[in-house]
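Secondary and tertiary structure notes
Below, each chain spelled out in residue letters.
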Amino acid sequence: MAAPTDAPATPPAAPRTGVPGASGATGASGPGAAPVLRPHAEEAFADELAALAACDDRPRPERWLLSPWAVATYLLGGELPDGTVVSPKYVGPRRVVEVAVATLATDRALLLLGVPGTAKTWVSEHLAAAVSGDSTLLVQGTAGTPEEAVRYGWNYARLLADGPGRDALVPSPVMRAMAEGKVARIEELTRMPADVQDSLITVLSEKTLPVPELGGETRAVRGFNLVATANDRDRGVNELSGALRRRFNTVVLPLPASVEDEVDIVTRRVRALGRSLDLPEPPRGAEEIRRVVTVFRELRDGVTADGRSRVRSPTGTLSTAEAISVVTAGIALAAHFGDGVLRAADVAAGIRGAVVRDPVSDPVVWQEYLEGVVRERDGWKDFYRACREVG
Amino acid sequence: MAAAGLPATAVLGVRHHGPGSARAVAAALAALEPDAVLVEGPPEADPILALAADADMVPPVALLAHPADEPGRAAFWPFACFSPEWVALRHALGRGTPVRFIDLPAGHVFALAREREREGQGEPGGAPPGDAPPGSPDGPRPPSGAGIPVASDPIAALARAAGHDDPERWWEDVVEHRGPGGRGGGDDPFAPFRAVAEAMAALREPASGEAAPAAGGTRDDALREACMRQQIRAARRAGHTRIAVVCGAWHVPALERMPTAAHDRGLLRSLPRRVRTETTWVPWTHRRLARHSGYGAGVASPGWYHHLFTAPDRPVARWTTRAAALLREAGHPVSPAHVIEAVRLAETLAALRGRPLAGLTETLDAVRAVLGDGAEAALAPVRERLVVGDAVGRVPDTAPAVPLQRDLTRLQRTLRLRPEAAERHLDLDLRGGTDAARSRLLHRLLLLGVPWGEPTASTVAGTGTFRESWRLRWDPGLAARVVEAAPWGTTVAAAAEARARDTAARASALADLTALAETCLLADLPGALPSVMRAVADRAALDTDTAHLAEALPALARALRYGDVRGTDAGALRGVAEGLAVRICVGLPPACTGLGRDAAEAVRARLDAVHAAVALLDEGGSRGLRDRWAAALRSLAGGQPGERTAGVPGLLRGRAVRLLLDDGALPVEEAARHMGLALTTASGPADAADWAEGFLSGGGMLLVHDDRLLGLLDDWLAAVPHDAFTEVLPLLRRTFSGFEAGVRHAVGARVRSTRAGAPAGPRFPGGSGSAAPGFAPEPDHARADAVLPVLALLLGLPGPGSPGAPEDPAGPDAPDAPPARAPAPGTSAARATPRGP
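What you see is a predicted model, and the numbers here were worked out from it, not measured in a lab.

1. Some remarks on the overall build of chain A
Regarding its fold elements, chain A presents 17 helices and eleven strands. Looking at chain A as a whole, 47% of its 391 residues are labelled buried. Long-range contacts, defined here as pairs at least 24 residues apart, represent 70% of the contacts in chain A between residues at least 6 apart.

Here's what the structure looks like:
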């Protein structure tokens, strides 16, 4: 269950200097600089990290700022002996976080899988912040990510002026993490071209990064590890090779477990988004949000909310993130073209668009759901009609 | 050292089915060398206790007790090889030490339960005695440790006190995972029992202080403990000096602090008269252990416990290796390196969670993350085979007959069906009481995997649903099958019901499930039907193939009608069948696009079957269904301007039009319009011929009676270009060869006559008023009425007085009509007299 609890809602804390573990990248934002839009996890939650470190007397793996127990507490929240309340960063099964932290404590890398909107990136950022105090050693995987992004590049001016040498080498975040014994992050690992992915194999198995041009290598010091995220629903773009996959422990981040949690997440995110889009807050949106979440959950889980009958699932992911965008779009419709109240008609088209991804099979799934479930449900007449209208 | 301070009676408090407890009991018994072993269990089983040492007795097995006069009410006490009670039994029997069960006799428990039922009988809806609660073959549980409410579950309370949310895990940490000689236990094999006793005493302190033993479980506990104490006293009187008592941890304090014997006698005096009880051993399975059972302590992971108990050392490493082997079998690439990493992760997790040793949770988490790519689905075989396990117990032949066998024998006597090894045929007329009961018995036995009778095609010529033929042959091996089926229940009916429910939960194919539903109706197991129907609904909902749904529907509709004949309440069945029909209505049109010739042929057959099924369902009154089906057929037929009908084969479009026409849902003018659209040169000749086949197959009288249709067909055929004609000809020939010879002649004659009779002008003038060639402008009612008396005679109707009588004689109301509605020659009547009431 993914709940980026209060990050979106937290007002951007003024960036601090001297944050423990703040790397050079954030050093630029000194006092007096304009407040950044979004502080890094280790900046936003510096107080909690400091409090945890202060009362953490359990053994820490080398170069970890906190013990595994404290890292888990940081993510899951709790109250410390000294009375400090640690806010939960991730609302979901404890098991997931424990396995993730335990994996980082071994020398296996961690792969966070999940559909979009399950807080994979969020968890990886906070893990890096809690373990190494630095969540900025980040490589974003895209179709165009070059090998330099995970290994090293060259400063060509230097190279031409001084010839090959350590000074001319531009280390990647992974290389820096290896040298400093920190946690490196790779986002959307499966979006990277396969050959770039595979350059990680040496890093993960030999724990070294050879630099043949200089006849040397950068060896990982203890404390180094890697957290990668990947989307398991958009699978198959660049499937991990068996050799690479073998070096990861996989943790699947589940979707929110209960309607309440999901409605809560959607409501909060929609409010935050609406504020930034200057949309008026709908007075009775909660009801419609609950309906959207219910539809999403039922179709996603393949069973109605009362557990009585099964329904077929469409091909789309129907993640919480999509529910958020459906509701946001509905509010925009209601605000600009309706009477400002979020109604069934405002979300109907959005829902259909989210459900029907495959033009062949999904319309049937949607029709079946409408006729079999929505039609007979009490108080859903308006919703049924609205959905019938959009097709 | 340890034995020095031993009391004469050592009370060993255990967790039922706890492997750690079992080890501790084994160690304690070895150290104590008792001269009598007393075990919590029904004393009625004492005579058959010795069987536990039999070489043919393989756990898991269960002790079964039931009132002699009421086999339906039964209680089970299961034992696995890791059950502390089993360890104690085997220890004592192996050394020839006297061993006895000391719990409250099952006869008293049954009597108490009956008494309570009688008290509660004032309210309507009280379960009739002998009606075992559906779902569990266990019947009423003897009130044991778990009889007390969950709130006072002792182990849960202790775990909460220790700050653990999961009592199972807590118990594992403090007891199961520390064997004697392990940390904390020291060398004293009695240390764990002393700790447990102390904890339980502390737990029971407030309870016994405030509320005296009162109603419900507490009173039962008091009774049972009084009984156990009396038995301990008896053992002491018998001269035993070193007595070991193995009982649930909860009872320990009550057995260690003995009140006066008079107090206990007083308590026990209040017991109702004991019911005569029969006991025996039955084979058990790990899967059943996983449910709640007689001891009230179902274990979620018997396979894991079995492993913990039997693995000589390094349980986590060994278990992970086995899991890896399983995953490899399932096709996951799992290397030894994976296993190493999984074990390491499990240990790290245990450390992170502050547990002394990696338990099942950690190991499963590690296996999931390392071996299973984080996917829960990969773990399914591991859960199935290693966490629960598929161990099946065995019971020696010398064990007393199981109640199921006794029930079967009783039924065989009352139904006069002797088990004979020689094969014989049996024809049953289901309208008779005895025959119907025989049929039910045979069907139920089939469900239980006891194939005594085998259904065969009826030797009596008869198409009725009230006849059944069986081939009977009693193979002596079937007796063993009956014993195997014993855990399902104590009567044939209850066992078959439980078995059907279980089969439904596991079946994967929709067709299997609908067949099972039919069997449930045949075997008259209404109790199992809801579960089966639920499974059908679930499977159907997930089945993406409309073809499967369409195949399942006719069987359901049949079952529904059959259920009506037998007077079964088939409300659930109807709900599912209608749900299925709705889904077919939604999913059929898209599923019909882009089909090849053969596929279209198959769909056409299904279309007909579903059409008949919908008509059957429709009799139940849901008019909406028929309308929806008609709408689906209409969208299949296409023909609306601007509608996208491309991709639906002509065969199906034609068939849809025909079915609509037959139902009176489409006026014949509309049908003619469709035909005109389909049979034009604009569409390919092959497609048009397909359309014609779909439309005409199964009956050509239509053409004889409607000149417009015939005319359209004739015009089109005449316009087919020369080279396409050879392509179309075989199709048409096939279509027409399906007609009866008379119809073919009539069509031929009509074509000839119209060609000859109206060489010029508009041929085949449609519309009313103008007479078709060969017909008068207006019908001659007097001549037409002349046929009515004969018709009424043929149909067995009261007379020609009622004008509606001759309508639709072969309608679906006739119970034994073939389900597929024959497109009868009388179809064209649809336009003259609207069909049906």
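2. Some remarks on the overall build of chain B
Looking only at helices and strands, one finds 35 helices and ten strands in chain B. Buried positions account for 46% of the 837 residues belonging to chain B.

3. Some details on the sheet that holds strand S8 (residues 424-429) of chain B
All names here are of chain B. Spatially, S8-S10-S9 is the arrangement adopted by the three strands of the open sheet, whose pairing is antiparallel. Of all strands in the sheet, those bounded by a partner on one side alone are S8 and strand S9 (453-456). Adjacent strand axes in the sheet meet at a mean angle of 35°, parallel and antiparallel pairs treated alike. Summarising the sheet, S8 and strand S10 (residues 467-472) pair through six bridges and their orientation is antiparallel. Bridge pairing in S10 links Asp-429 to Arg-467. Against the sheet, helix H17 (residues 433-447) contacts S8, S9 and S10, and its axis sits at roughly 125° relative to S8.

4. Observations concerning the interface of chain A and chain B
The interface is formed by 28 residues belonging to chain A together with 25 residues belonging to chain B. Broken down by element, the residue count for the side of chain A that touches chain B peaks at seven residues, all from helix H5 (residues 94-105) of chain A. Residue classes in the side of chain A that touches chain B are distributed as twelve nonpolar, nine polar and seven charged.

5. Comments concerning the nonpolar core
Considering soluble globular proteins, one finds that nonpolar side chains tend to be buried as a cluster. Residues and elements named next belong to chain B. The biggest cluster of nonpolar side chains holds 324 residues, and the ones touching the most others in it are Val-245, Ala-517, Val-532, Leu-553 and Leu-556. If you tally residues by element for this core, the top one is helix H23 (residues 571-591), at eleven residues. Beyond its immediate stretch of four places on either side in the chain, Leu-553 contacts Ala-577, Leu-580, Ala-581, Ile-584, Val-610 and Ala-613.

6. Some points on the environment of Leu226(A)
Residues and elements named next belong to chain A. Of note, Leu-226 is situated in strand S10 (residues 225-231). Distance from Leu-226 to Arg-185, taken between C-alpha atoms, is 5.8 Å for residues 41 residues apart in sequence. For Leu-226, the residues in contact, after removing those within four places along its chain, are Ala-109, Ala-184, Ile-186 and Leu-204.

7. Quick look at the sheet that holds strand S7 (residues 277-283) of chain B
Residues and elements named next belong to chain B. Across the sheet, three strands lie side by side as S4-S3-S7; this open sheet has antiparallel pairing. Every other strand in the sheet has two partners, leaving strand S4 (75-79) and S7 as the edge strands with one partner each. Averaged over all adjacent pairs, the angle separating strand axes in this sheet is 20°, with direction ignored. As judged from the seven bridges shared by strand S3 (residues 61-67) and S7, these two strands associate in the antiparallel manner. Opposite Leu-63, over in S7, you have Trp-281 as the bridge partner. Strands in contact with helix H3 (residues 106-119) are S3, S4 and S7; relative to S7, the strand with the most contacts, it is inclined by about 110°.

8. So, unusual backbone geometry
Residue and element names in this part refer to chain B. The amide bond that connects Pro-59 to the next residue, Pro-60, takes the cis arrangement and shows omega of 5°. The residue Pro-60 is located in the loop between strand S2 (36-39) and S3 in this model. A positive phi angle is found at His-17, which is not glycine, with a value near 60°. In this fold, His-17 is placed in the loop between strand S1 (9-14) and helix H1 (19-32). Residues other than glycine seldom take positive phi values, yet Arg-314 does so here, at roughly 40°. Structurally, Arg-314 can be placed in the loop between helix H11 (302-310) and helix H12 (315-329).

9. What to know about the pairing of S10(A)
Residue and element names in this part refer to chain A. Of all the seven residues making up S10, six are buried; the element is thus mostly covered by neighbouring parts of the structure. Pairing geometry for strand S3 (residues 109-114) and S10, over five bridges, is parallel. The partner of Gly-114 across the bridge, within S10, is Asn-231.

10. Let's talk about the packing of helix H27 (residues 668-678) of chain B against helix H30 (residues 707-719) of chain B
Residues and elements named next belong to chain B. At a minimum axis distance of 10 Å, the contact between H27 and H30 shows a crossing angle of 0°. As far as their axial angle goes, H30 and H27 are roughly parallel. Facing H27, whose interface residues are Ala-672, Met-675 and Gly-676, H30 presents Arg-708, Leu-709 and Leu-712. Considered class by class, the residues forming the contact of H27 with H30 number four nonpolar, one polar and one charged.

11. Focus on the confidence of the model for chain A
Model confidence for chain A is summarised by a mean pLDDT of 82, while 86% of its residues fall at 70 or above. This stretch, residues 1-30 of chain A, has a pLDDT under 50; its non-local contacts, to residues over four places away or in other chains, come to 73 contacts.

Analysis parameters
Residues numbered from 1 in each chain as written. Chains lettered and ligands numbered in written order. Predicted model: local features only at pLDDT ≥ 70, side-chain atom pairs only at ≥ 80, totals over all residues. Helix = DSSP H or I, 4+ residues; strand = E, 2+ residues; numbered from the N terminus. Buried ≥ 20, exposed ≤ 12 C-beta atoms within 10 Å, placed from the backbone. Contact = placed C-beta atoms within 7 Å. Pairing = 2+ DSSP bridges. Axes fitted to C-alpha atoms, helices over the stretch in contact; angles between N-to-C directions. Nonpolar A, V, L, I, M, F, W, Y, C, P; charged D, E, K, R; others polar. Core = buried A, V, L, I, M, F, W, Y, C linked by C-beta atoms within 7 Å. Parallel < 35°, antiparallel > 145°, perpendicular 65-115°, else oblique. pLDDT = per-residue confidence, 0-100.

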